[in-house]
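Listed below are the residues making up each chain.
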Amino acid sequence: MKHRIPKILLTFLSGMLTALPIMYPKLFVIGIISFAIPAFIEYTAEGKACRLRSAYLRGLAFFMGFGLIVFSWFTAMYPLEFTGLSKVAAVGVVCAGSLGLSLLQALFWGLMFLVSRLFDKLFCTGKNPLVYSLVFSCLYVVFEWMSTKTWAAVPWGRLAVGQSEFLPMVQIASVTGSYGVSFILVLVGCTLGVCCSEYRKHRSKLTLRPLIPVAVVLVLNIVFGCVRLMTYEVSEESTKVTVAAIQGNVSSHDKWTSDTFEETKENYTKLTHAAVAEGADIVIFPETPVNYNLQGSSGYYVKSFYESLAADADCIIVTGAFTKNDDGISENSIVVFDPDDGQTEDKYVKRHLVPFGEYVPLRDFVSFVFPPLSSITMLESDLAPGTSPTVFETKYGKIAPLICFDSIYETLAIDSIRAGGELLTVSTNDSWFLDSSGVWEHNRHAVLRSIECGRYTVRSANTGVSSIISPTGEIMDILPPLEDGYIVSDVYMIEENTVYVTIGNVFVILCFAGLVPLVLYSHFMKKKQETENDR
């Protein structure tokens, strides 16, 4: 017990260290080497004598520390005035968000450490430093992919987010998705930690040999990124269009007050005309800039406003709006208003709703255990999720919209591009996070989607961050949070697909399948060693 507590504490702190680049991407170097600490601790553990429970507890500690940094922006939401909760209830909700979500994710992610230790016990993967690192890296990719499959494991803390300002590192996402970046980061850090452990045992320079091929992988990835950044060109056949993102700076609290609609209309009218005066052909509005349903009693006035504005400004307006489905259930949607034809027939409905924001998972249980958590949403009932992508055809090209939380799920963006999208848009409401790290982290996910899909991305947020991003992840223009304004830039409608859009998550499949030969090789070497010892 005397030795276990310091290991758990050190693992917890290394988890926090690993998450720092996600909050502060200028610290991207930390993200490249930070996995050395947990790998050193796990690899040094005494093989079969190390209990699976101990490995799981260290994994739990690592990802708990990781989550506390990644989700630290929850504290900026206090006192949640827009929900009407008491200060005591607001404290409980914030703690449930930061501590509860971190723990929920850690309970899942801790299994990765357990599986790694199980492989070592059964197949002796720890006998070979490079094999151990490869197994650990493959497992991380598989678990990162699995975290996109349930509401409880929100993939907000992708390792690639912490590399979003080091563009050469993340260009590989155009081939493998962000999973390729995660694999390289874990492989480099893990191999470094394992080799340090081996050197500590044997004091031999030979134990550092596994670092050579791993260093080559890292360098080749960076070289690939540099070459792509220097040589990327848009096809001459691509249509050039001027786009604008509008940021009205209307908070979640103000948006739901009765006297805000007229002020919002005036502000968005002014900003739209100013953007069009600078050449904007397409104007992107944020997620539900007004809270009225287009098909409700006030829908006529909202629809008339958008149609009149599109006609007067002579631009296409892409805006978030509440709509209703055939069953009368409200949806969070994107609709398009053409200056000549008014509202188009199609609509895009948000496919990945925010838990406790747009619906309450396990509502009866949550309402019984902790009622304030079930009342944090401003909506009277759960929204209906969308089930498929929508592409809006305009005279300039095809627009593929995403809404807020959608943008952290790569498969949703890929599906939209495969449906024919030539320009990616993200309409979002990050006003809940004020100017905390959360709004910047969310924007960095859009950088990854741009690289993966090979598309320009126009991101419009109610209170920021709004941005226009190139297909290589370069932020062409940006509006900081808590300011009203607009940004305008020339972009291109792109038809060519990246390798990643074409093949999807084949890299994840390879990582999963690659575990088989790795453990078989380790098992074979174990049997061979036993045979030699018997002789």
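Residues numbered from 1 in each chain as written. Predicted model: local features only at pLDDT ≥ 70, side-chain atom pairs only at ≥ 80, totals over all residues. Heavy atoms only, no water.

**Student:** Could you clarify how one ought to interpret a positive patch on the surface in this entry?
**Tutor:** Together, Lys-127, Arg-200, Lys-201 and Arg-203 line one region of the surface with positive charge. As for its placement among the helices and strands, Lys-201 is situated in helix H9 (residues 178-202). (Patch = residues over 30% accessible without salt bridge, like charges linked within 9 Å, V, L, I, M, F, W, Y side chains within 5 Å. Areas by Shrake-Rupley, 256 points an atom, 1.4 Å probe, with all protein chains shown as cover. Salt bridge = Lys/Arg side-chain N within 4 Å of Asp/Glu carboxyl O. Lys, Arg positive; Asp, Glu negative; His and termini not counted. Charge placed at Lys NZ, Arg CZ, Asp CG, Glu CD. Helix = DSSP H or I, 4+ residues; strand = E, 2+ residues; numbered from the N terminus.)

**Student:** Mind showing me how you'd approach the pairing of strand E3 (residues 316-324) here?
**Tutor:** Strand residues, when the strand is regular, have side chains that alternate between the two faces of the sheet. When you tally the buried positions in E3, you get eight out of nine residues, the bulk of the element. Looking at chain direction, strand E2 (residues 282-284) and E3 are connected through three bridges and run parallel. Bridge assignment links Ile-282 to a residue of E3, and that residue is Ile-316. For the crossover from E2 across helix H13 (residues 299-313) to E3, the handedness is right-handed. Pairing of E3 with strand E4 (residues 330-338) involves eight bridges; the strand directions are antiparallel. Within E4, the residue paired with Thr-323 across the bridge is Glu-331. The turn linking E3 back onto E4 is made up of five residues, and Gly-328 within it adopts a positive phi angle of 80°. (Buried < 20%, exposed > 50% of the residue type's maximum accessible area, 1.4 Å probe, protein only. Pairing = 2+ DSSP bridges. Right-handed = clockwise from strand over helix to strand, strands pointing away.)

**Student:** Got a minute to help me understand a negative patch on the surface in this structure?
**Tutor:** On the surface, a cluster of negative charge is contributed by Glu-233, Glu-236, Glu-237, Glu-495 and Glu-496. In this structure, Glu-236 sits in the loop between helix H10 (211-231) and strand E1 (239-247).

**Student:** Got a minute to help me understand the sheet that holds strand E11 (residues 466-469) in this structure?
**Tutor:** In space, the six strands of this open sheet follow the order E7-E8-E9-E10-E11-E12, with mixed pairing throughout. The outermost strands of the open sheet, each flanked by one partner alone, are strand E7 (392-393) and strand E12 (475-479). Summarising the sheet, strand E8 (residues 398-403) and strand E9 (residues 423-428) pair through five bridges and their orientation is parallel. Looking across to E9, one finds that Ile-399 is bridged to Leu-423. Across the face of the sheet, helix H16 (residues 410-418) comes into contact with E8 and E9 while running at roughly 160° to E8. (Contact = heavy atoms within 4.5 Å. Axes fitted to C-alpha atoms, helices over the stretch in contact; angles between N-to-C directions.)

**Student:** Is there a simple way to think about the packing of aromatic side chains in this case?
**Tutor:** Ring pairs (aromatic) are described by centroid distance and by the angle formed between their planes. Taken as a whole and assessed by the stated rule, the structure comprises 33 aromatic pairs. Aromatic side chains Phe-62 and Phe-63 sit 4.8 Å apart centroid to centroid with 85° between the ring planes, which places their arrangement in the edge-to-face category. Judged on exposure class, the residue Phe-62 and its partner Phe-63 are both buried. When the centroid spacing of 6.0 Å and the interplanar angle of 80° are considered together, the rings of Phe-108 and Trp-109 count as edge-to-face. With respect to class, Phe-108 is no different from Trp-109; both count as buried. (Phe/Tyr/Trp six-rings, centres within 6.5 Å; stacked < 30°, edge-to-face > 60°.)

**Student:** Even after reading the chapter, I still don't get the pattern of salt bridges, so can you show me in this structure?
**Tutor:** Oppositely charged side chains can pair when the atoms bearing their charge come close. Applying the stated criterion across every chain, the model contains twelve salt bridges. Of the charged contacts, one joins Arg-459 and Asp-430 as a salt bridge, the two residues approaching to 2.9 Å between their closest N and O atoms. In this pair, Arg-459 is assigned in strand E10 (residues 457-461) and Asp-430 in the loop between E9 and helix H17 (437-453), connecting sequence segments 29 residues apart. By relative accessible area, which is 0% here, Arg-459 ends up buried. Owing to a relative accessible area of 0%, Asp-430 belongs among the buried residues under this scheme. Via salt bridges that share partners, Glu-42, Arg-58, Arg-117 and Asp-120 belong to a single interconnected network.

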